[in-house]
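Fold and contact review
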Amino acid sequence: MEFKIRKEEFLRGLYLAHGIADRKSTLPILANVLLRTEGKDKLLCGATDLNVTTLVTLSAKIEKEGGLTVGARQLYEIVKGLPDDEVHFRRTEQNWAEIRAGKVEFKVVGLSDRDYPKLPAIAEAQTFKVETATLRDMIAKTIFSVSLDETRQHLAGVLFESDGTTARMVSTDGHRLSKVSRPLPGGPKLAASVLIPRKGIVELRRAIETREAPVAIGIHDGNFVLKADDVGISVKLIDGQFPPYDQVIPKENERAFTVSRLGFLDALRRVSLMSSDKTSGVRIGLEKGKLRIESDNPDLGAAREEIDIAYKGAAVQIGFNARYFIDLLGEIETPEVRVELAGELDPAVVRPGDGSDYVCVVMPMRL
Amino acid sequence: MATPTNSGDPPAAAAPRAVIHLDMDAFYASVEQRDDPALRGRPVVVGGDARRGVVLAASYEVRPFGVRSAMPMARALRLAPDAVVVRPRFDAYAEASGRVFEILASVTPLCEPLSLDEAFLDVTASRSLFGAPADIAARLRRRIADEVGLPASAGIAAVKLVAKVASDLAKPNGQLEVPDGAGAGAAFLAPLPVSRLWGIGPKSAEQLRAMGITTIGDLARLDPASLERRLGPGGRNLWERACAIDPRPVVPDREAKSIGAEETFEEDLAGLEALRPRVHAQALRVAHRLRRAGLRARTVQLKLKRADFTIVTRRATLDQATDDGQRLYREAAALLAREPAHPIRLTGVSAQNLIPAAPPQLGLFAPAPTHADTLNRALDAIAARFGAGAITTGDIAHENSDD
């Protein structure tokens, strides 16, 4: 196997592959990136952790066909640091890789591509073209509230629903929940919702982070599949029961107010400087015409900030993790947000000021 | 009465500490004498039925006759036929205990309850605010006398072990301070009989006497290695105690790494029938203290001391943290059932791997409270109103039955 490839082109594939290659796996070869020639001018660059798979087809000048696997992170760092524009890659005896660029030469230990697990057939999947910006926006609005607790599989992903005109994403870590709905014409018509694991969502986001042109998505053989030109990603869906999320979104809370998004966000950031690092607990209080955010910590000190709001309802004071509000306020674009509170043990609801279909629910904490 | 244990991290540096052991005098009997003037100055025995009950408390007037708590009632009445027998009123004891602990908490948060009527206080950091440890102890005892109307004794020393022995010697209604400084604790203990040491009952004392050891000083002078050979792994521990070496910190339940209860029996017990109710009572006590401290345990440990002093500990880890006494008991009983049927002199149950019961962050999908939670809340409410012994399970009630 031997090929020549432009450095930037090679990096595009290695960047996606090294995020997925699994260095902690019990299968050492999964830490490697799979390189395989295709025809005279294509190089397949792939990686999998057996749940998430990426396969990128790169333009290259193939001089001798074949395949090889090499440590993904290592190869990414090597190529990134190469000086020259063109990289010359060659497989030598015993699965060694020889990488040359200008006067730089590396010899790297690899493993045979024949030992690499069979990758899902991304090309065969039936997919549907949708707006990339919409998909990106929906991911951003839900990824922060996915559970990081690997033992709670059913919460460790984003729920995705799509009927061909509208799509919905929902995530919850058990303490807070985000739900977004957007028109997604041309999207897949799914009979049931699917649960995409967090790591897969991270890789999907990475693959479309700067993309303008539409992407194609679909469900194939228990996988969520995304195709963007020469990039393919396949994510094995979580087999689990997402909790009945609609039941925990309060229909209407009596204590509602509208507040400047940035004003609220900055106040939370300031006041939480005086809350404990572990819990970020602050008290959010309402009284006539005023929103008050307070924090006190016997080890640090106290902080308090008031924001004038048009509020005429009953006074209330509820403890919250400020971090949860800061996360969600960062994902809303409107200048104002609408907040609804109820009792001390009841969830808070935050929505964008323009009435678009995004809702975040946050449970209080005892302070 | 069970002796609870608490354990935590040993202190980082051996800075001189000031520990007070405060112990109410003949607690139940004193409450009865306080509430009924006719009983004052008379020999009072608190306990149940004369045929089958045991003495729960004996007033100081009856002690010269040889009456002690935990003694069978029938024997107590043979020793002191004129004693006035009073049925226990657990609600009154719980109420008095609550008021005593409020007074203790006014001096330091480092208050480790041992039972209803006994606690360790670490007043090392309280000195700048409240003065010398002996003055703090005197003030606490005066306040307990004035506000609760009960006598208490106190021992003051640099370590728990010495403070406890000192309060024993100070009884009744007195206090004794062992000055800190190198060797002071050991010198204080040296002339005392070995039976004064925590964990040495009549049987162990007998065994030591056979080895020519009568005083704590005799014990301290021995070579720890040879003690270990003769008494097993507990030997070194015994020697350390004799030398007043006791690094255990005073740990309030809320900050404890473990919460436990143990009991040395009057007579060695053998067989599941005899041991299970003891273990059950200990598990319930531990669970009650867990709930009071707002904690749950992931690990249950059963401790057994055999007649030959060998100590075995067995642990089980639960899939979910619990503060339910029946759950702790089921695990402890299963551990007990797997042990060979040796005669046992002590059993202990402790809860370890503690986590807060109610995390401050509320959940969206909170599970409904379990039956055990609801039941425990009701049991705690009854115990808070009528006292710890007011309600319990059938096996334990049968063990202590007085009708």
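Since the model is a prediction, treat every value here as computed from it, not as a measurement.

Residue and element names in this part refer to chain A. As enumerated under the stated definition, the model contains 52 salt bridges over all chains in all. Put simply, Asp327 and Arg176 hold a salt bridge, and the shortest N to O gap is 2.8 Å. Linking Asp327 in helix α6 (residues 322–329) with Arg176 in strand β13 (residues 176–183), this pair joins segments that are 151 residues apart in sequence. Accessibility assignment for this pair places Asp327 and Arg176 in one class, buried.

A few words now on the sheet that holds strand β19 (residues 281–287) of chain A. Residues and elements named next belong to chain A. Sheet architecture is open: 4 strands sit in the order β21-β20-β19-β22, paired in antiparallel fashion. For this open sheet the edge positions go to β21 (301–308) and β22 (316–321), each flanked by a neighbour on one side alone. Geometrically, the sheet is characterised by an average inter-axis angle of 20° between neighbouring strands, direction not taken into account. As defined by bridge partners, β19 adjoins β22 across 6 bridges and the pair is classed as antiparallel. Bridged to Val282 within β22 is Phe320. With respect to the sheet, helix α5 (residues 261–271) is in contact with β19, β20 (290–297) and β21, its orientation differing from that of β21 by roughly 170°. Seen against the sheet, α6 touches β19 and β22 and runs at an angle of roughly 80° to β22.

Let us now look at the packing of helix α3 (residues 90–105) of chain B against helix α5 (residues 133–148) of chain B. Residues and elements named next belong to chain B. At a minimum axis distance of 10 Å, the contact between α3 and α5 shows a crossing angle of 145°. The handedness of the crossing between α3 and α5 comes out as right-handed. For the pair α3 and α5, the contacting residues are Ala96, Arg99, Val100, Ile103 and Leu104 in the first and Leu140, Arg143, Ile144, Glu147 and Val148 in the second. Split by residue class, the contact of α3 with α5 holds 7 nonpolar, no polar and 3 charged.

What follows concerns empty space enclosed by the protein. Residues and elements named next belong to chain A. Overall, the coordinates contain 1 cavity of 30 Å³ or more when judged by the stated rule. Along its surface, the largest cavity is lined by Leu135, Ile139, Met169, Ile201, Leu204, Phe224 and Leu226. Those elements that place two or more of their residues in the lining of the largest cavity are α3 (132–140), α4 (198–207) and β16 (223–228). Broken down by class, the residue content of the lining of the largest cavity amounts to 7 nonpolar, no polar and no charged.

Before going further, it helps to examine the packing of aromatic side chains. All names here are of chain A. According to the stated counting rule, one finds 11 aromatic pairs over all chains in the structure shown. Between Phe10 and Phe89 the ring centres are 6.3 Å apart and the planes differ by 85°, which places this aromatic pair in the edge-to-face class. Taken together, the residues Phe10 in helix α1 (residues 7–20) and Phe89 in strand β7 (residues 86–91) connect sequence positions 79 residues apart. Take Phe10: its relative accessible area is 0%, and that puts it in the buried class. With 6.1 Å between their ring centres and 65° between their planes, Phe242 and Tyr245 make a pair best called edge-to-face.

Reading guide: rules and limits
- Residues numbered from 1 in each chain as written.
- Chains lettered and ligands numbered in written order.
- Predicted model: local features only at pLDDT ≥ 70, side-chain atom pairs only at ≥ 80, totals over all residues.
- Heavy atoms only, no water.
- Salt bridge = Lys/Arg side-chain N within 4 Å of Asp/Glu carboxyl O.
- Helix = DSSP H or I, 4+ residues; strand = E, 2+ residues; numbered from the N terminus.
- Buried < 20%, exposed > 50% of the residue type's maximum accessible area, 1.4 Å probe, protein only.
- Pairing = 2+ DSSP bridges.
- Axes fitted to C-alpha atoms, helices over the stretch in contact; angles between N-to-C directions.
- Contact = heavy atoms within 4.5 Å.
- Left-handed = near helix turned anticlockwise from the far one by under 90°.
- Nonpolar A, V, L, I, M, F, W, Y, C, P; charged D, E, K, R; others polar.
- 1 Å grid on protein atoms, 1.4 Å probe; cavity = no way out; pocket = protein on both sides within 12 Å on 5 of 7 lines; lining within 4 Å.
- Points joined across faces, edges and corners; volume = space filled by probe spheres on them.
- Phe/Tyr/Trp six-rings, centres within 6.5 Å; stacked < 30°, edge-to-face > 60°.

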